[in-house]
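Analysis of the macromolecular model
The lines below spell out each chain.
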Amino acid sequence: MRTLSIIITALIATTTWAQGTFTPGAVWNDTDGNPINAHGGGIMYHDGTYYWYGEYKGHHTYRSPGVGWECYRTDAGGVSCYSSRDLYNWKWEGVVLEPDTVNPYSDIHPTMVIERPKVVYNEKTGKFVMWMHIDNHNYGKATAGVAVSDSPTGKFTYIESMRPNGSESRDITLYKDDDGKAYILFSSEGNGTMHICLLTDDYLRPTTEVARNFIGQSREAPAVFKHNGKYYIVSSGCTGWSPNEADCAVADKITGPYKQLGNPCRGNNADKTFYGQSTFVLPVHGKPGTHIMMFDRWNKRKLDDSRYIWLPIDFDGEKFTITWNDTWSLR
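In this report, we go over the structure that sits alongside the text. (Residues numbered from 1 in each chain as written. Predicted model: local features only at pLDDT ≥ 70, side-chain atom pairs only at ≥ 80, totals over all residues. Heavy atoms only, no water.)

**Some details on the state of the cysteines**
Simply put, disulfide is the name for a covalent bond between the sulfur atoms of two cysteines. As a reminder, the rule being used: A pair of sulfur atoms, both from cysteines and within 2.5 Å, is called a disulfide here. Between buried and exposed lies partly exposed: a residue is buried under 20% and exposed over 50% of the maximum accessible area for its type, with that area taken using a 1.4 Å probe on protein chains only.
Taken as a whole, this structure holds zero disulfides when the rule is applied. Free of any disulfide, Cys248 has its nearest neighbouring cysteine sulfur in Cys265, separated by 8.6 Å. A relative accessible area of 2% means that Cys248 is categorised as buried. By relative accessible area, Cys265 is classed as buried at 3%.

Set out below in structure tokens:
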């Protein structure tokens, strides 16, 4: 009887998502009936398939000792990957960047921090390139890490971490423009300023072409996208795991300067970003102008049970809004 109950539960969970609706903040199961574990993530579209990469959170959450802020964390479990063709139903592809459990000095040892992984494809090299935030237990290392793979589902080979041009790098995202150039955007200077740095042609190293934006404004969790020839950045304030008010900004060039537009969120708890934090903006393939805003709703005391909030972005001229919906579907 217990086995039958488990089977029925798994079928219900899978069928709910197979109906083709998003339910922000709810438990989101993969096609095997297990909760999706891909936090702080981003999505790459390649050859007809979406690939969702994120932090694989372990089941034990603890607080790092000797750290002033609420530094809750799990052991670094590497980077997970899921695949989908419709954005509703996701297949588990495994941990595609595995933690190094042997070398205690490795950047990707379980005692370290691996956050906000993003992946793009490099047509020139035929490689899939991942950038992520690499840190130690008290967030004093403040570096960007890079890994590479021949396949979107890995395994990815970790290369190195660095402080781009000597600058601290914490919350990070990766953006590939229409011309094939790629950039990393990261919180720097004690999280006070955001840096936007052009990568080398192979996407494996930062160049010295860097722009400083949001100077002294303490913005983190950047998510960048392009619409009608303009560049947009959604970001959060710096309040640790606690939610705060989102902000968005627009520029004519990826490097800025950016004009801030204010909080794009609308509806209950919009001043707290629906109790979420920005992680990625997903352009929907085959639907020009259609974008999905991805937030993480962090559960700081049980990080593996943090939820996902996906909501549509609605444009009105240069500005846009993100309105809460209990359930919604792509049009």
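**Things to note about the environment of Ser151**
Formally: Per the convention used, a helix needs a DSSP run of H or I reaching at least four residues, while a strand needs a run of E reaching at least two, with both numbered from the N terminus. Note on contacts: a residue pair qualifies if any of its non-hydrogen atoms lie within 4.5 Å across the two residues.
Take Ser151: it is sitting in the loop between β9 (143-149) and β10 (157-162). Considered as a pair, Ser151 and Gly126 are 25 residues apart in the sequence and their alpha carbons are 9.1 Å apart. Leaving out residues up to four positions away in the same chain, Ser151 has contacts with Phe128 and Phe156.

**Some words on the side chain of Ser167**
Examined against the element boundaries, Ser167 turns out to sit in the loop between β10 and β11 (172-176). Given a relative accessible area of 18%, Ser167 falls into the buried group. Look past the residues within four positions of Ser167 in its chain and what remains in contact with it is Phe186, Ser188 and His195.

**Here's the deal with the sheet that holds β9**
Formally: Two strands are said to pair when DSSP picks up at least two bridges between them. Note on geometry: axes are C-alpha line fits, over the in-contact stretch for helices, and angles between N-to-C directions span 0 to 180 degrees.
Taken together, the four strands give an open sheet; going across it, the order is β7-β8-β9-β10, and neighbouring strands pair in antiparallel fashion. Only two strands of the sheet have a single partner each, and these edge strands are β7 (113-122) and β10. Mean inter-strand twist for the sheet, computed between neighbouring axes without regard to direction, equals 20°. The sheet contact formed by strand β8 (residues 127-135) and β9 spans seven bridges and is antiparallel. Bridge pairing in β9 places Trp131 opposite Val146.

**Let's talk about the packing of aromatic side chains**
Applied cut-off: Centres within 6.5 Å are what make two rings of Phe, Tyr or Trp a pair, Trp counting through its six-membered ring; a difference in plane orientation under 30 degrees is then read as stacked, over 60 as edge-to-face, and the rest as tilted.
Tallying each qualifying case throughout the model produces 28 aromatic pairs. On the numbers, 5.4 Å between centres and 70° between planes, the contact of Trp69 with Tyr139 is edge-to-face. Here Trp69, found in the loop between β3 (62-63) and β4 (72-73), pairs with Tyr139, found in the loop between β8 and β9; they are 70 residues apart in sequence, far enough to count as distant. Each ring, one from Phe214 and one from Tyr258, has its centre 5.8 Å from the other, and the planes form 35°; the classification is tilted. Within this pair, whereas Phe214 is found in the loop between β14 (206-213) and β15 (220-227), its partner Tyr258 is found in the loop between β17 (247-251) and β18 (259-262), the two being separated by 44 residues in sequence. One exposure class covers both Phe214 and Tyr258, and it is buried.

Note that every value here comes from positions in space, so none of it alone points to a role or purpose.
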